[in-house]
Amino acid sequence: MKIDSLERLLVHELKDLYSAENQILGALPKMAEAATHPELKAAFKEHLEETRGQVKRLEKAFEHTEFGPHGEHCPACAGLIQEGEEIIAEIEAGEVRDAALIAAAQRVEHYEMAGYGTAVAFARKVGNHEVADILTATLEEEGETDRKLTRLAEKVINFRALAAS
Ligand SMILES: [Fe+2]
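The shown structure was predicted, so the numbers you read here are calculated from the model rather than taken from an experiment.

**Some details on the overall build of the protein**
Helix and strand counts for the protein stand at five helices and zero strands. Sequence-ordered secondary structure for the protein, helices as α and strands as β, is α-α-α-α-α. The C-alpha radius of gyration of the protein comes to 17 Å, within 12% of the 15 Å expected for a compact globule of 165 residues. By its C-alpha atoms, the protein is 55 × 25 × 20 Å across when sized along the principal axes. Out of the 165 residues in the protein, the part that is buried amounts to 45%. Intrachain contacts of the protein at a sequence separation of at least 6 include 79% that bridge at least 24 residues.

And the structure:
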């Protein structure tokens with residue numbers, strides 16, 4: 001697909017996000033498995049369910065374009081996930097690893113929020129309000145996940161990581 005218009009740049013962003021979400025679907029079960037604190041495990045599992053819905057939303061968004069969701073690989077998301085996997089491998093299970101897992105997960109959330117924020121702005125600009133509305137729902141969900149991880153880190157996990165040091 002030649003990217004020669006804002007409409008096509010929007011489609012490119014959507015394909016990039018579709019690749020990212022599918023990679024995240026593969027990573028979240030490993031992150032839940034690697035976490036120790038039950039609230040963090042639960043947060044990753046809950047976000048796995050949400051991510052399934054986000055993939056469906058992107059598929060719905062593509063129905064409002066002339067293109068399909070496949071054909072892009074998002075190397076940035078692959079890199080963020082790889083960092084998370086390295087942390088799991090390097091730090092033994094426990095409170096410090098939990099703090100590191102949140103740090104890795106929030107990098108992914110911020111990457112997604114940047115992608116969805118841009119896609120919503122492009123969709124509104126080209127007048128594709130269906131896509132803008134669909135993606136806004138996911139953007140809000142990612143923001144809520146990010147805030148939840150911040151609360152969990154600052155109220156529970158970072159204290160435990162410090163105490164375990
Ligand atoms: Fe997501």
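Text resumes after the structure shown.
**Notes on the coordination of the iron ion**
Of the protein atoms, only Glu21 (OE), Glu21 (OE), Gln54 (OE1), Glu112 (OE) and Glu142 (OE) coordinate the iron ion, at distances of 2.1 to 2.5 Å. Taken in chain order, the donor set of the iron ion reads E-x32-Q-x57-E-x29-E. Of the two residues, Gln54 is situated in helix α2 (residues 38-62) and Glu112 in helix α4 (residues 95-125); the sequence distance between them amounts to 58 residues. Exposure class is identical for Gln54 and Glu112. Each is buried.

**Comments concerning the state of the cysteines**
Counted by the stated rule, this structure contains zero disulfides. There is no disulfide at Cys74, and the cysteine sulfur nearest it, in Cys77, is 5.2 Å away. A relative accessible area of 0% places Cys74 in the buried class.

**Comments concerning empty space enclosed by the protein**
Inspection of the entire model under this criterion finds one cavity of 30 Å³ or more. What lines the largest cavity is a set of 19 residues, among which Ile24, Leu28, Met31, Ala105 and Val108 lie closest to the centre. Of the residues belonging to the lining of the largest cavity, the class tally is 12 nonpolar, three polar and four charged.

**Remarks on the nonpolar core**
Within soluble globular proteins, side chains that are nonpolar generally end up buried alongside one another. Within the largest apolar cluster, 26 residues are counted, with the highest numbers of intra-cluster contacts made by Ile24, Leu40, Phe44, Cys77, Leu101, Ile102 and Leu152. Of all the secondary structure elements, the ones that give two or more residues to this core are α1 (6-34), α2, α3 (75-90), α4 and α5 (129-163). Contact partners of Leu101, with chain neighbours within four places excluded, come to Met31, Ala34, Ala35, Leu40, Phe44, Ile87 and Ile88.

**Topic: the environment of Ala161**
Positionally, Ala161 belongs in helix α5. Setting aside chain neighbours within four positions, we find Ala161 in contact with Glu95, Val96 and Ala99.

**Quick notes on the packing of aromatic side chains**
The final tally for this structure, using the stated rule, is one aromatic pair. Summarising the aromatic geometry, the rings of Tyr18 and Phe62 are spaced 6.4 Å apart at their centres and angled 80° between planes, so their arrangement reads as edge-to-face. Placement of the pair is Tyr18 in helix α1 and Phe62 in helix α2, with a sequence separation of 44 residues. With respect to class, Tyr18 is no different from Phe62; both count as buried.

**Notes on the pattern of salt bridges**
Summed over the entire model, instances satisfying the criterion amount to seven salt bridges. A salt bridge links Lys30 to Glu85; the shortest N-O distance between them is 3.2 Å. Pair noted here: Lys30 is in helix α1 and Glu85 is in helix α3, with a separation of 55 residues, a long-range link. Overall, the relative accessible area of 46% leaves Lys30 in the partly exposed class. Glu85 sits in the partly exposed class, given a relative accessible area of 35%. Where Arg151 meets Glu144, a salt bridge forms, and the shortest distance between an N and an O atom there is 3.3 Å. Of the residues examined, Arg151 reaches a relative accessible area of 41% and is grouped as partly exposed.

What counts and what doesn't
- Residues numbered from 1 in each chain as written.
- Predicted model: local features only at pLDDT ≥ 70, side-chain atom pairs only at ≥ 80, totals over all residues.
- Heavy atoms only, no water.
- Helix = DSSP H or I, 4+ residues; strand = E, 2+ residues; numbered from the N terminus.
- Rg over C-alpha atoms; globule rule 2.2 N^0.38 Å.
- Buried < 20%, exposed > 50% of the residue type's maximum accessible area, 1.4 Å probe, protein only.
- Contact = heavy atoms within 4.5 Å.
- Donors = N, O, S within 2.8 Å, 3.2 Å for Na, K, Ca; no water.
- Disulfide = S-S within 2.5 Å.
- 1 Å grid on protein atoms, 1.4 Å probe; cavity = no way out; pocket = protein on both sides within 12 Å on 5 of 7 lines; lining within 4 Å.
- Points joined across faces, edges and corners; volume = space filled by probe spheres on them.
- Nonpolar A, V, L, I, M, F, W, Y, C, P; charged D, E, K, R; others polar.
- Core = buried A, V, L, I, M, F, W, Y, C linked by side-chain atoms within 4.5 Å.
- Phe/Tyr/Trp six-rings, centres within 6.5 Å; stacked < 30°, edge-to-face > 60°.
- Salt bridge = Lys/Arg side-chain N within 4 Å of Asp/Glu carboxyl O.

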